[in-house]
Amino acid sequence: MPQPVKASSFNLTLTARGLRAFSDSLRQNLYQSGVPMPQRVIHHSDGSISYQRYGTAPEHHLLSIPRGVVHGILLEEADRAGAKLFFEHECVSADLRNAVVQFVSAGKLIKDAGDVLLGCDGANSFIRYEMARSGARLNIKQDYISHSYVEIFMPPIASGDHALLQKLRNPTIPESAHHGLHMWPRGKFVLIAQPNVDKTYTTTLFMPLSTNDPSDPALDKLLSSSQVNAFFEHYFPDVVDLLPHLSEQFLARTPASLKIINCSCYHYERAVLLGDAAHTMVPFYGQGINCSFEDLRMFFALLDNAAVGRSNEDALKETLPAFTTERTPSGDTVSQLSLMNLQELARNRS
């Protein structure tokens, strides 16, 4: 099977909202490739640690899993189910009325058609652009937030174990024996570390790219090894010894921007927007990918219900507006909650 282009990104946190979209066997596969996190582990600025459980039952947890791993699992599942997978195909036009799209691949123009166009093409959705260009009464609101992010990796310790789990383990604190979403809240910025099955941690600094206050830290002030090391030693001293290649990794990565996109409606003619194409949100509530999977589950549930005793065309005519009505309020609400939760995550609880 051809492989997708790899890209780095912070870990996904799968929750019950998103996992309900999958079969039992697929959920089991995801759990084998991820690490359940039943709690937050807060690293306060005074050096103290606190544990905050996500709930009271075993199922109250997040599943930490790298984005690329999820992509690989879903691609393999689609391949087994008989889907035709194509990579390095650039969509250059879409006839939304007739559900026809054209791609360019290896210098050749390729045309394809179907019953409906599912625009699952992310924050910079071409299908959304074609909807707006083709006459849809599409309200689109896009905002970049002040924060960007830089990702670094925390390797296993010499014994091959998870570094933070072993460093914090304390027989007198039962919570210390369990994984969690590690957070270093520092008021206007936050460092987050999520465990992986290979015993590494994906460690991500979310921070304003720039600031008008010369006393406030910002990513555009961390331009040398000495600046990066001094910043981490001051704000995150308990993690510096676990990041042996900190400054090299930090400076090798361009800070990635974060934006919010809300649009309505989600459909036009025989096209529909799903996931980030419909509602791009910041990651601070951990529900962006979960809302995307929920979109798919609900769209096909609506379609299956509408298809009873109807033709495909009639079923789609009923499903597309019903999907917009059902999902737009949820997308807008979770997007706003995600932005509000940044303040909660970054607040320094010392």
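So, here is what we can say about the structure in this document.

Criteria and cut-off values
Residues numbered from 1 in each chain as written. Predicted model: local features only at pLDDT ≥ 70, side-chain atom pairs only at ≥ 80, totals over all residues. Heavy atoms only, no water. Disulfide = S-S within 2.5 Å. Buried < 20%, exposed > 50% of the residue type's maximum accessible area, 1.4 Å probe, protein only. Phe/Tyr/Trp six-rings, centres within 6.5 Å; stacked < 30°, edge-to-face > 60°. Helix = DSSP H or I, 4+ residues; strand = E, 2+ residues; numbered from the N terminus. Pairing = 2+ DSSP bridges. Contact = heavy atoms within 4.5 Å. Axes fitted to C-alpha atoms, helices over the stretch in contact; angles between N-to-C directions. Arc of directions from axis to C-beta. Core = buried A, V, L, I, M, F, W, Y, C linked by side-chain atoms within 4.5 Å. Expected span 1.5 Å × (residues − 1).

## Remarks on the state of the cysteines
Applying the stated criterion across every chain, the model contains zero disulfides. Distance from the sulfur of Cys-120, which forms no disulfide, to the nearest cysteine sulfur (Cys-91) is 13 Å. Summary of cysteine pairing: Cys-265 is not part of a disulfide, and the nearest cysteine sulfur, belonging to Cys-263, is at 8.0 Å. Using a relative accessible area of 23% as the deciding quantity, one classes Cys-265 as partly exposed.

## A few points about the packing of aromatic side chains
As enumerated under the stated definition, the model contains 16 aromatic pairs in all. Judged by centre distance (5.1 Å) and plane angle (45 degrees), the ring pair of Phe-231 and Tyr-235 falls under tilted. In this pair, Phe-231 and Tyr-235 both sit in helix α6 (residues 225-235), four residues apart, roughly one turn of the helix. Exposure remark for Phe-231: the relative accessible area of 6% places this residue in the buried category. Members of the aromatic cluster, each reached through a chain of ring pairs, are Phe-189, Phe-231, Phe-232, Tyr-235, Phe-236 and Phe-250.

## Details of the sheet that holds strand β9 (residues 117-119)
Sheet architecture is open: three strands sit in the order β9-β16-β15, paired in mixed fashion. Edge positions in the sheet fall to β9 and β15 (267-268), since each of these pairs with one other strand and no more. Pairing geometry for β15 and strand β16 (residues 271-273), over two bridges, is antiparallel. The residue bridging His-267 from the neighbouring strand is Val-272, located in β16. Its contacts with the sheet put helix α4 (residues 126-133) on β9, β15 and β16, and the angle it makes with β16 is roughly 125 degrees.

## Some remarks on α6
Every buried residue of α6 is accounted for by Val-228, Phe-231 and Phe-232. Here the buried residues of α6 occupy an arc of 90 degrees about the axis, which is enough to place them on one side. Seen from the buried face of α6, the exposed residues on the opposite side, beyond 90 degrees, are Ser-226 and His-234. The inward-facing, buried residues of α6 abut β10 (139-154), β12 (190-195), β13 (201-208) and α7 (246-252).

## Thoughts on the nonpolar core
The nonpolar side chains of a soluble globular protein tend to be buried, and buried together. One finds Leu-96, Leu-117, Met-131, Leu-273 and Phe-299 to be the most contacted residues of the largest nonpolar core, which totals 26 residues. Of all the elements in the fold, those that place two or more residues in this core are β6 (90-95), α4, β16, α8 (288-306) and α9 (312-346). By residue number, the principal contributor to this core is α9, which donates four residues. If near-sequence neighbours (up to four positions away) are discounted, Leu-96 is found in contact with Leu-117, Glu-130, Met-131, Ser-134, Tyr-268, Glu-269, Arg-270 and Ala-271. The next biggest cluster of nonpolar side chains, apart from the first, holds 24 residues, and it includes Ala-163, Phe-189, Leu-219 and Phe-236.

## Describing helix α3 (residues 67-80)
The end-to-end C-alpha separation of α3 is 20 Å, in line with the 20 Å expected for 14 residues at 1.5 Å each. For α3, the complete set of buried residues consists of Val-70, Ile-73 and Leu-75. Where α3 is buried, its residues meet β1 (12-14), α2 (24-32), β5 (62-65) and α8. Once α3 finishes, Gly-82 follows within two positions and takes phi at roughly 100 degrees, a positive value.

## Some remarks on the sheet that holds β5
The antiparallel open sheet is built from three strands, whose spatial order is β1-β5-β2. Each having just a single partner strand, β1 and β2 (35-37) make up the two edges of the open sheet. If you compare each strand with its neighbour and ignore which way they point, the axes differ by 35 degrees on average. Relative to β5, β1 runs antiparallel, the two being bridged by three bridges. Of the residues in β5, the one forming a bridge with Leu-12 is Ile-65.

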